[in-house]
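Report on the structure
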Amino acid sequence: MTTTDATVLVTGASSGFGAAIARRFATAGARVIVAARRADKLAERVSELGPHVLPLTLDVRDRDAVQRAIATLPKEFSRIDVLVNNAGLAMGLGPAHHADADEWQTMLDTNCGGVLHCTRATLPGMVERGRGHVINIGSIAGTYPYPGGNVYGATKAFVRQFSLNLRSDLHGTGIRVTCIEPGMVGGTEFSTVRFRNDHEQADRVYAGMQPLTADDIAESVYWTASQPAHVNVNTVEIMPVAQSFAAFQIHRD
Ligand code: NDP
Ligand code: 8X3
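Attention now goes to the site of ligand 1. Lining the immediate surroundings of ligand 1 are 29 residues, of which Ser 14, Ser 15, Arg 37, Tyr 152 and Thr 188 lie closest. One of the backbone N or O atoms of Phe 17 is found 2.8 Å from an oxygen atom in ligand 1. Glu 189 places a main-chain nitrogen or oxygen 2.9 Å from an oxygen atom of ligand 1. Burial of ligand 1 by the surrounding chains reaches 96%, relative to a free accessible area of 880 Å². Contributions of two or more residues to the shell around ligand 1 are made by helix H1 (16-27) and helix H5 (150-169). Classifying every residue of the shell around ligand 1 by side-chain character gives 12 nonpolar, 11 polar and six charged.

In this section: the pattern of salt bridges. Under the definition given, this model contains eight salt bridges. With its nearest N and O atoms 2.9 Å apart, the salt bridge here joins Glu 219 to Arg 24. One end of the pair, Glu 219, is in helix H8 (residues 214-225); the other, Arg 24, is in helix H1, and 195 residues separate them in sequence. What makes Glu 219 partly exposed here is its relative accessible area of 39%. Its salt-bridge partner being Glu 189, residue Arg 38 comes within 3.0 Å of it at the nearest N-O pair. Of this pair, Arg 38 sits in the loop between strand S2 (31-36) and helix H2 (39-49) while Glu 189 sits in the loop between strand S6 (176-182) and helix H6 (190-194), and the two are 151 residues apart along the sequence. Judged by relative accessible area, which is 28%, Glu 189 ranks as partly exposed.

To continue, consider the nonpolar core. Residues Val 8, Ile 21, Phe 25, Val 32, Val 84, Ile 217 and Val 221 are the most contacted members of the largest nonpolar core, which totals 34 residues. Taken together, the elements giving at least two residues each to this core come down to strand S1 (7-11), H1, S2, H2, strand S4 (82-85), strand S5 (133-137), H8 and strand S7 (235-238). Discounting chain neighbours no more than four positions away, the residues touching Phe 25 are Thr 3, Val 8, Ala 30, Val 32, Val 221, Tyr 222 and Ala 225. Counting residues in hydrophobic clusters, the runner-up holds 25 residues, among them Ala 65, Ala 69, Phe 77 and Met 126.

Within a sheet, adjacent strands bond to each other through the backbone by hydrogen bonds, running parallel or antiparallel. In space, the seven strands of this open sheet follow the order S3-S2-S1-S4-S5-S6-S7, with parallel pairing throughout. The sheet is open, and its two edges are formed by strand S3 (53-57) and S7, each paired on a single side. Direction aside, neighbouring strands of the sheet carry axes that sit 15° apart on average. Where S1 and S4 come together, three bridges link them in parallel fashion. Across the sheet, residue Leu 9 finds its bridge partner in S4, namely Leu 83. Packing of H2 onto the sheet brings it into contact with S2 and S3, and relative to S3 it is tilted by some 180°.

Parameters at a glance
Residues numbered from 1 in each chain as written. Chains lettered and ligands numbered in written order. Predicted model: local features only at pLDDT ≥ 70, side-chain atom pairs only at ≥ 80, totals over all residues. Heavy atoms only, no water. Near = heavy atom within 4 Å. Polar contact = N/O pair within 3.5 Å; in protein donor to acceptor, adjacent residues only side chain to side chain. Areas by Shrake-Rupley, 256 points an atom, 1.4 Å probe, with all protein chains shown as cover. Helix = DSSP H or I, 4+ residues; strand = E, 2+ residues; numbered from the N terminus. Nonpolar A, V, L, I, M, F, W, Y, C, P; charged D, E, K, R; others polar. Salt bridge = Lys/Arg side-chain N within 4 Å of Asp/Glu carboxyl O. Buried < 20%, exposed > 50% of the residue type's maximum accessible area, 1.4 Å probe, protein only. Core = buried A, V, L, I, M, F, W, Y, C linked by side-chain atoms within 4.5 Å. Contact = heavy atoms within 4.5 Å. Pairing = 2+ DSSP bridges. Axes fitted to C-alpha atoms, helices over the stretch in contact; angles between N-to-C directions.

These values are about where atoms sit, not about what they do.
Set out below in structure tokens:
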């Protein structure tokens, strides 16, 4: 498999990283299935990128719908070589004791459940064909704690560990697994969703600094997929230069 003749399924392709990842693979010549809930946004991908892009309106939280959608893909898109589990979201940035339990559940169902359902539906075909690559979008929030990161960070720690465990299970099959773990990336809907459509609060996250872009992430994803078949990039942790680490917080009486 080369990335130019691959079939690639990108979840969360209606905006942000997913749209950029779909564009990166499509411009390299791959067939790309773009999945998300908003059909109108997926239609924009198709008109932008052309007939080698297949829109798939899908809620990744719905296990049966995911299984059905992947089992009934048109023949020319049915042999998925690269699965990019990108669909995900953060909801809220408040402390755990003020959190909305429904928002926690939505993050779990999307960021963990969605990754599981799409992976489970896609892996048997990859193993049967002896080729494939699962690329999961984690986050630095899965490694480094921060105030208000509570469940979002925990879901991304799940994505990180699931990726590593998949590598063990897939030993000897030739299937590759990668977890891409970005820091702050601007120009996507991530913070607008996190702050429940408060655009001013979302914009303040990136004020006065240069975040990464969705294209930076798409390039990393594409790079891992275009390595020679014997190379597995396990993890890519990537941050803007303007973001780094701070000291532990100390509470003093
Ligand atoms: P966006 O909000 O722009 O994109 C999220 C995508 O996920 C959308 O296409 C959305 O589509 C899709 N999505 C959400 N819920 C579902 C669902 N239930 N079923 C199917 N699709 C769904 O955010 P980003 O592009 O920034 O984020 C992409 C990924 O990267 C996420 O997993 C996020 O956690 C992660 N990430 C983001 C960082 C950042 O700073 N931006 C940094 C590190 C990681 P739709 O609403 O149409 O369904
Ligand atoms: C998104 C990056 O730092 O907002 O995963 O958690 S961060």
